[in-house]
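So the chains spell out like this:
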Amino acid sequence: QVQLVESGGGLVQAGSSLRLSCVASGSIGDTYHIGWFRQAPGKEREFVVAFTWGGRNTIYGDSMMGRFTISRDYAKNTVYLQMNSLQPEDTAVYYCAGRKPWLVISRRQDDYIYWGQGTQVTVYA
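These notes cover the structure that comes with them. (Residues numbered from 1 in each chain as written. Predicted model: local features only at pLDDT ≥ 70, side-chain atom pairs only at ≥ 80, totals over all residues. Heavy atoms only, no water.)

1. Section: the overall build of the protein chain
Note the cut-off: By definition, any uninterrupted DSSP run of H or I lasting at least four residues is a helix, any uninterrupted run of E lasting at least two residues is a strand, and each is numbered from the N terminus. With C-alpha atoms as the basis for the radius of gyration, the globule rule is written as 2.2 Å multiplied by the number of residues raised to the power 0.38. Only protein chains enter the calculation, and the probe is 1.4 Å; a residue is then buried if its accessible area is under 20% of its type maximum, exposed if over 50%, and partly exposed in between. A contact between two residues is defined here by any heavy atoms of the two lying within 4.5 Å. Using a 1.4 Å probe, accessible areas were evaluated by the Shrake-Rupley method; residue-level cover was limited to the displayed protein chains. In summary, the charge assignment counts Lys and Arg as positive and Asp and Glu as negative, without counting His or the chain termini. To locate a charge, take atom NZ for lysine, CZ for arginine, CG for aspartate or CD for glutamate.
When helices and strands are counted, the protein chain shows zero helices and eleven strands. Secondary structure elements in the protein chain, listed N-terminal to C-terminal, are β-β-β-β-β-β-β-β-β-β-β. Radius of gyration (C-alpha) of the protein chain: 14 Å, near the 14 Å computed for a compact globule of 125 residues. C-alpha atoms of the protein chain, sized along the principal axes, occupy 40 × 25 × 25 Å. When burial is assessed residue by residue, the protein chain has 46% of its 125 residues classed as buried. Contacts in the protein chain between residues far apart in sequence, at least 24 positions, make up 59% of those at least 6 positions apart. Per element, the accessible surface of the protein chain, about 6400 Å² overall, is 47% carbon and sulfur. For the protein chain, the separation between the mean place of its 12 positive charges and that of its 10 negative charges on side chains is 5 Å.

Distances and angles like these do not, on their own, reveal function.
Here it is in structure tokens:
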């Protein structure tokens, strides 16, 4: 059984930065693809960024490159999402998700089988 737990969300002013964490536990090992998604109120879930656990391949959602950066700490089995220059339109629940490593890295939420519970990010003007 694999568990993903996000943390680091909060209420911030526009222009601020936040770093979200996603801690993986259970039998996830060290080779799963990890993606970040977000869902704003009344909108569909949106892809932000994903990478292979080894970090050799990173893909971004539309308009996400530049302000969002994904990274990982192997020792802590943790993936981070660094978010800079946050704007009110970035307000959403942010989720991390896991995809089996022998599959192609993906932007589609249906391709991810492990999900965290989400962490709320609220940006005010």
